[in-house]
Every structure is written in C-alpha cells, then in structure tokens.
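Working through the structure, step by step
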Amino acid sequence: MADKQDKEDNNPLSVLLQLEADARRSEDILSLHYFIVNETRRLLHYRHAVLFETVGKKYSRFHAIRTSGVTLVDRSIPKIHWIERVVNDLRTENSGDQPVKVVFEQLPEELQQDWCSLSLPYPAWVSLKLPDGSLVGSLWMEKETAWNENELFLIKRLADTYAHAWGYFDKHRRLKSWFFSRKTVWILGVLLIALLLLPVQHSTLGPVKVIAKEPLIVSAPIDGVIASIPVEPNQMVTKGDTLISYEDTNYRNEYAVAKQSLAVTQAELKRSTQGAFQDKKSNAEVALLEAKVDLANIKKKYAREMLGHVNVVAEKEGFLLFSDKSELIGRPVTTGERLMEIAEPGKLMLRIDLPVENNIDFSPGAPVKVYLDVDPLKSIDAKVTYTSFRAEVVPGDMLVYRVDAELTEEFDNLRVGWQGTAKIYGSSVNLFFYLFRRPLAAARQYLGY
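Residues numbered from 1 in each chain as written. Predicted model: local features only at pLDDT ≥ 70, side-chain atom pairs only at ≥ 80, totals over all residues. Heavy atoms only, no water.

A tally of helices and strands in the protein yields 12 helices and 20 strands. Each of the three principal axes of the protein carries a C-alpha extent, and together these read 170 × 60 × 35 Å. Of all 449 residues assigned to the protein, the portion counted as buried reaches 37%. Here the contacts in the protein between residues at least 6 apart in sequence split such that 69% fall between residues at least 24 apart. With an accessible surface of roughly 27,600 Å², the protein has 55% of that area assigned to carbon and sulfur atoms. Considering the protein, the positive charge centre built from 56 side chains and the negative charge centre built from 59 side chains are found 4 Å apart. (Helix = DSSP H or I, 4+ residues; strand = E, 2+ residues; numbered from the N terminus. Buried < 20%, exposed > 50% of the residue type's maximum accessible area, 1.4 Å probe, protein only. Contact = heavy atoms within 4.5 Å. Areas by Shrake-Rupley, 256 points an atom, 1.4 Å probe, with all protein chains shown as cover. Lys, Arg positive; Asp, Glu negative; His and termini not counted. Charge placed at Lys NZ, Arg CZ, Asp CG, Glu CD.)

Now for the packing of helix H2 (residues 12-24) against helix H3 (residues 29-39). Direction vectors running N to C along H2 and H3 enclose 160 degrees, while the axes themselves pass 10 Å from each other. Taken together, the axis directions place H2 and H3 in an arrangement best described as roughly antiparallel. Pair H2 / H3 crosses with right-handed handedness. Taking contact as the criterion, the partners of Leu19, Asp22 and Ala23 in H2 are, on H3, Leu32, Phe35 and Glu39. Its residues assigned to classes, the contact of H2 with H3 comprises four nonpolar, no polar and two charged. (Axes fitted to C-alpha atoms, helices over the stretch in contact; angles between N-to-C directions. Parallel < 35°, antiparallel > 145°, perpendicular 65-115°, else oblique. Left-handed = near helix turned anticlockwise from the far one by under 90°. Nonpolar A, V, L, I, M, F, W, Y, C, P; charged D, E, K, R; others polar.)

Unlike most non-glycine residues, Asn234 shows phi in positive territory, near 65 degrees. Its place among the elements puts Asn234 in the loop between strand S8 (224-228) and strand S9 (236-237). With a phi angle near 55 degrees, Asp397 is a residue other than glycine that sits in the positive phi range.

Turning our attention to the sheet that holds strand S10 (residues 242-246). Strand order in the open sheet formed by four strands is S11-S10-S8-S13, and the pairing between neighbours is antiparallel. Each end of this open sheet is capped by a strand with a single partner; those strands are strand S11 (311-313) and strand S13 (332-333). For S8 and S10, the ladder comprises two bridges, and the chain directions are antiparallel. Bridge assignment links Ser228 to a residue of S10, and that residue is Ser245. (Pairing = 2+ DSSP bridges.)

Remark on secondary structure: sheet strands pair via backbone hydrogen bonds, oriented parallel or antiparallel. Taking strand neighbours across the sheet as the criterion, the four strands line up as S7-S14-S12-S9 in an open arrangement whose pairing is antiparallel. A single partner strand is all that each edge strand has here, and the edge strands are strand S7 (216-219) and S9. In terms of strand pairing, strand S12 (residues 318-321) meets strand S14 (residues 338-343) through three bridges, oriented antiparallel. In the sheet register, Leu320 faces S14, and the bridge partner there is Ile342.

Counting buried positions along strand S1 (residues 48-55) gives eight out of eight residues, so the element sits mostly inside the fold. Judged by which residues are buried, S1 turns out to be covered on both faces: His48, Val50, Phe52 and Thr54 on one side and Ala49, Leu51, Glu53 and Val55 on the other are all buried. Where S1 meets strand S5 (residues 135-143), six bridges bridge the pair, whose relative direction is antiparallel. When the bridges of S5 are listed, Glu53 appears paired with Gly137. Where S1 lies against strand S2 (residues 61-67), six bridges are found, and the strand directions are antiparallel. Opposite Val50, over in S2, you have Thr67 as the bridge partner.

Here the focus is the environment of Pro99. Its location among the elements puts Pro99 in the loop between helix H4 (78-93) and strand S3 (100-101). Separated by 44 residues in sequence, Pro99 and Lys143 place their C-alpha atoms 15 Å apart. Excluding residues that lie within four positions of it along the chain, Pro99 makes contacts with Trp125, Val126, Leu152, Ile155 and Lys156.

A separate point is the pattern of salt bridges. Applying the stated rule across the entire model yields 20 salt bridges. One salt bridge connects Arg25 with Asp22, and the closest N-O pair in it is separated by 2.5 Å. With a relative accessible area of 55%, Arg25 lands in the exposed category. Taking the shortest distance from any N to any O, the salt bridge between Glu406 and Lys213 comes out at 3.8 Å. Note that Glu406 is positioned in strand S19 (residues 398-407) and Lys213 in the loop between strand S6 (199-212) and S7, a separation of 193 residues in sequence. In this structure Glu406 comes out as partly exposed when scored by relative accessible area, which is 25%. (Salt bridge = Lys/Arg side-chain N within 4 Å of Asp/Glu carboxyl O.)

Next up on the list: H4. Over its 16 residues, H4 extends 23 Å from the first C-alpha to the last, a length consistent with the 22 Å expected when each residue adds 1.5 Å. Packing partners of the buried residues in H4 comprise S1, S2, helix H5 (109-112), helix H6 (115-118), strand S4 (122-129) and S5. (Expected span 1.5 Å × (residues − 1).)

On to the side chain of Ser203. Along the chain, Ser203 falls in strand S6. A distance of 3.4 Å separates the side chain of Ser203 from the side chain of Tyr434, its partner in a polar contact. (Polar contact = N/O pair within 3.5 Å; in protein donor to acceptor, adjacent residues only side chain to side chain.)

Before going further, it helps to spend a moment on the nonpolar core. General note: in soluble globular proteins, nonpolar side chains tend to be found buried as a group. With 31 residues, the main nonpolar core has Leu43, Leu44, Leu51, Leu139, Met141 and Trp147 as its most contacted residues. Looking at this core, the element that brings in the most residues is helix H7 (residues 149-179), giving nine residues. Those residues in contact with Leu51, other than ones at most four positions away along the chain, are His33, Ile36, Val37, His63, Ala64, Ile65, Arg66, Leu128, Ser138, Leu139 and Trp166. Among the nonpolar cores identified, the runner-up in size contains 22 residues, and Ala220, Tyr246, Ala314 and Met340 belong to it. (Core = buried A, V, L, I, M, F, W, Y, C linked by side-chain atoms within 4.5 Å.)

Here it is in structure tokens:
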C-alpha cells in the first residue's frame, strides 16, 4: 500500500495536476507568490528560484518580489540585482511565452563577468502571460544539471496556470494602478470640471400654505365684547347673514340717554322760543339752546349708529374663515381688529414662507412646483406673483421672505389651510454653484470676507 502511494507521488502528471489545483486555491496574491517559488520544486528539481512582477510605466520592466527559501527579498544581495538585469535583458530578446534556457554566450559582456559567481550553470526563465497576452511577471529557476524538453514543457504548463491564478488576484491592482495613473487623473479632473460647469436650473424649497385670494376682511367695527357668533368656521354664508353679535347693554343705554337728552333740550328750546316775545333774556338764550339741540341730535345719531354695529353681517357670499369661535366669544376687541375672512369659492392662492438662508435669485413669474402633505406624490404647478422685499419673523422664530404664487391650473379639491412644500425655480447656474452655494455662504459668514 505504501509503495503504491509513493508511486503516485512520483508520477509527474499527478504532481502537475496537484500543483495546478493548489495554485488556484491560494487565498491571496502573497500566498500564490510563495507557492510559485517554493512548491514548484515538487515537480521541477531546481536549486534556486526568483519570481518577478512587471512594474513601471506600461509595466516595462521586471522587479524581484520573491525568492525561494526566504520570506522577504533582500535587495542588498548582488545576485538579485544581477538576475534582474539578466531577466530584463532577456525580455527584450524574447517576447514570446516559451521557456528560455539562459546561455552564457548569449548574454552581454557586462553580465557574463558575474555569471560564475552569481548563478548556477543551468538557469531557465519563463514569462507569465495572461490569456489576453498581458504580462504579469516571470519566473527564474536555476540548477546544476541541464534542462530537458520534458521539464521545459512542464515549466510552460505551470507558467500558464500561475499566470491565470495571478491574473485573478491582480485585477484589482491593475485597476487601481490605472485609476491613479497621471493620465487618468487628468482625464477625470477635466471631466469633473466640465461636469461642474454644466448649467442647471437653480431651485430652492420652502413651506407653503393654501390661502384665500383677495378675501373680504371682517374687522371689528366698534370697541366692545363679543357676545355670540351664530356661524361656524368654513361655513358658507350669504350677504346679510349675521356673523358676530356684541354685548349691546352699554350701547342701548347710551342711545336711550342721548335720545332723552335730545328731548329735554328740545323742550327747553321750545320754552325759550315762546318766551322770547315777552322776555329779552329768553330771546338771548334761544341761540345757545339751538346749538345744544344740534349737539344732542348728533350724540343721538352717533349712539344709534354705534347700536347699529352691535350685529356684524356678511357683506358678500363666500366661505367664512376663522380659527375657533370659542376664542372670540367673551373677548374684548378694539375697532379695526381682524376677526374673520370671507373667501369666494374657487379663488385660492399659495403663500410660501421662504427661509432667508434658502433665498435664491428669481423674479415674478418664476415657475413653482407644490407638493401638498395630503397628496405628496402629486405636484401642483404655480407661478410667483409677489415677493416681499423685507424679511419678517414668523411663528417658530424663523426669518422668512413672503412669496405669493397663483395656480396655473384649476383644482376643485383644494382647501384653504392645506400645507406642504414648494419648490421655486430660479435662473440657470452651473452645477458647482448649485451644489456648494450653502457651504460657500456659510464659509464666508464664518471667515468674514
């Protein structure tokens, strides 16, 4: 049984197949390099081996990376430098992939001088080429006896296998080398600059809200306390409907007092007028009493007018817009205070609060895309109609510019109060400015110049 195993181990074909299988199972490129210079001795009985890889521009020369029997290449050894020179000289003379028996007479004179001291009598060299013809490295082997044709055939077969395995690990290195080559860096740099100079349409984002267009403002006509509100928010009202009722006690009393004061003054005027024919003193008081009657009459009209404002009515038909009537009932209000709005059906617009840091160059008529929160997958087209020249503070302590936009198409299902995000499109800028506008602005503010 042992004799049979020894016979299989000495069979060159089985050793060749095992070497090829083991080479392809190498875990990484370093393991493969070690395997090539050391494990190949199981089939080819050489004394010393050196493995080279292609380096330099366009991989124009060989560089020793591994020797048999040691872990690291000692580049201070003259033998390594001499073999590198020989191998690079052989490459210029042998461009094929067949193994080469290195002959003393074929070397240049400067290399022949160190042959006896630096090399064994019979070295052989073979290049490692991928199936596409690209060169990844070469292998130098030397021994005391001459190489026969069978050994050269095995060298060629192993060289093909080693090159194929090497190419698998070498793809990443070649790609990285190409990527970081000077020519590639220049090409990528030019392409990047050209890309950054491409014109794109500038745009910015801001919160948006649907509001009524040109609503009728319902403001407080008089000072007083609101007693009741007989309508509901978002209710459809018609012209003449009562919207707000004031506490009218003071105004009714003031009107009654003014009315009574007028009656008293008129009675005094009548008495003085009748006695003016007999009493000159009464005749002098007639003019004064007439003035008092006029003043009392004005006070009565004013009190009656104020009493007529205790009920606020709708001046046109539309939807009534206000927050909550419980916040208004019982609250004292002053003349001119804004209480409600009456919006005409279908007349809507958009109010965009554009943050100061998001402001870009755009003008009235700029296109706007609106995405409402109720339907974020659907966009609404609009255009800018107004932009405030001064920023103002809105709830949340955010400084914004007010931007108004009108719809460019009709929508039946929009409601006042819906909110979302608006994208305003400005003038064309290059891609660099589009991407780095905010960082550049922040850097300028931080640096101060």
